[in-house]
Amino acid sequence: QVQLVESGGGLVQPGGSLRLSCAASGIIYEINAMGWYRQAPGNQRELVAVITSGGTTNYVDSAKGRFTISRDNAKNTVDLQMNSLKPEDTAVYYCTCNVQSYFWTRASDYWGQGTQVTVSS
């Protein structure tokens, strides 16, 4: 199977920055899309940013210009650099990866355990 381990969450003041990291390990033949979701209390989980294996990125409108997603295919990692953070960015952030474990199997989605990001003065 595949495990995703996230790190980098915490408490930051408005206008500050945080960098989230996620490392995938286990039986991995190929990782397709990698992304970050977030869920605030009382809200549905929403896609924040996604990056394809080729490096194409997409962001939720509220993150454009402030967040940057990147990946290292050699290390099976995906990062989310978050700048100019706002209180409304407060949420649990989840890493997700679409992983093919063997060349003859279909890819499956895996999720990390989540990391709390709190933006508050």
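Whatever comes next refers back to the structure up there.
These notes cover the structure that comes with them. (Residues numbered from 1 in each chain as written. Predicted model: local features only at pLDDT ≥ 70, side-chain atom pairs only at ≥ 80, totals over all residues. Heavy atoms only, no water.)

Observations regarding the state of the cysteines
Right, on to step 1. If you walk through the whole model with that rule in mind, you get 1 disulfide.
Right, on to step 2. Disulfide pairing is shown between Cys 22 and Cys 95; the S-S distance is 2.1 Å. When the S-S torsion is -75°, as for the bridge of Cys 22 with Cys 95, the disulfide is left-handed. Taken together, the positions of Cys 22 in strand 3 (residues 18–26) and Cys 95 in strand 9 (residues 91–100) put the pair 73 residues apart, joining distant regions of the chain.
Right, on to step 3. Taking the relative accessible area as the measure of exposure, Cys 95 reaches 0% and is therefore buried. (Disulfide = S-S within 2.5 Å. Helix = DSSP H or I, 4+ residues; strand = E, 2+ residues; numbered from the N terminus. Buried < 20%, exposed > 50% of the residue type's maximum accessible area, 1.4 Å probe, protein only.)

Regarding the packing of aromatic side chains
Right, on to step 1. The full count for this structure, using the stated rule, is 4 aromatic pairs.
Right, on to step 2. Where Tyr 102 meets Trp 104, the ring centres are 4.7 Å apart and the plane angle is 20°; that geometry is what we call stacked.
Right, on to step 3. Residue Tyr 102 is classed as partly exposed on the basis of its relative accessible area of 34%.
Right, on to step 4. Taken together, the aromatic side chains of Tyr 29, Tyr 102, Phe 103 and Trp 104 make up a single cluster linked through ring pairs.
Right, on to step 5. Positioned over the ring face of Tyr 94 is Arg 45, at 3.8 Å from the centre of the ring.
Right, on to step 6. Over the aromatic face of Trp 111 sits the side chain of Arg 45, whose NZ or CZ is 4.9 Å from the ring centroid. (Phe/Tyr/Trp six-rings, centres within 6.5 Å; stacked < 30°, edge-to-face > 60°. Lys NZ or Arg CZ within 6 Å of the ring centre and 35° of its normal.)

Some details on the sheet that holds strand 7 (residues 67–72)
Right, on to step 1. Within the open sheet, the 4 strands sit side by side as 1-3-8-7. Their pairing is antiparallel. The two strands at the open ends of the sheet, each matched to only one other strand, are strand 1 (2–7) and strand 7. Mean inter-strand twist for the sheet, computed between neighbouring axes without regard to direction, equals 15°.
Right, on to step 2. Of the strand pairs in this sheet, strand 1 and strand 3 are connected by 6 bridges, and their pairing is antiparallel. Each bridged residue has a counterpart across the sheet, and for Glu 6 the counterpart in strand 3 is Cys 22. (Pairing = 2+ DSSP bridges. Axes fitted to C-alpha atoms, helices over the stretch in contact; angles between N-to-C directions.)

Description of a nonpolar patch on the surface
Right, on to step 1. The grouping of Ile 27, Tyr 29, Tyr 102, Phe 103 and Trp 104 at the surface amounts to a nonpolar patch, some 600 Å² of accessible area in total.
Right, on to step 2. Note that Tyr 29 resides in the loop between strand 3 and strand 4 (30–39). (Patch = residues over 30% accessible without salt bridge, like charges linked within 9 Å, V, L, I, M, F, W, Y side chains within 5 Å. Areas by Shrake-Rupley, 256 points an atom, 1.4 Å probe, with all protein chains shown as cover. Salt bridge = Lys/Arg side-chain N within 4 Å of Asp/Glu carboxyl O.)

Concerning the environment of Lys 86
Right, on to step 1. Mapped onto the elements of the fold, Lys 86 is located in the loop between strand 8 (77–82) and strand 9.
Right, on to step 2. Overall, the relative accessible area of 35% leaves Lys 86 in the partly exposed class.
Right, on to step 3. Distance in space between the C-alpha atoms of Lys 86 and Gly 16 is 8.2 Å, their sequence separation being 70 residues.
Right, on to step 4. Sequence-distant contacts of Lys 86, defined by excluding residues within four places in its chain, comprise Arg 66 and Val 119. (Contact = heavy atoms within 4.5 Å.)

A closer look at the pattern of salt bridges
Right, on to step 1. Taken as a whole, this structure holds 5 salt bridges when the rule is applied.
Right, on to step 2. Lys 64 is the partner of Asp 61 in a salt bridge, and the nearest nitrogen-oxygen pair spans 3.0 Å.
Right, on to step 3. Asp 61 sits in the exposed class, given a relative accessible area of 61%.
Right, on to step 4. Among the charged side chains, a network of salt bridges with common partners joins Arg 38, Glu 46, Arg 66 and Asp 89.

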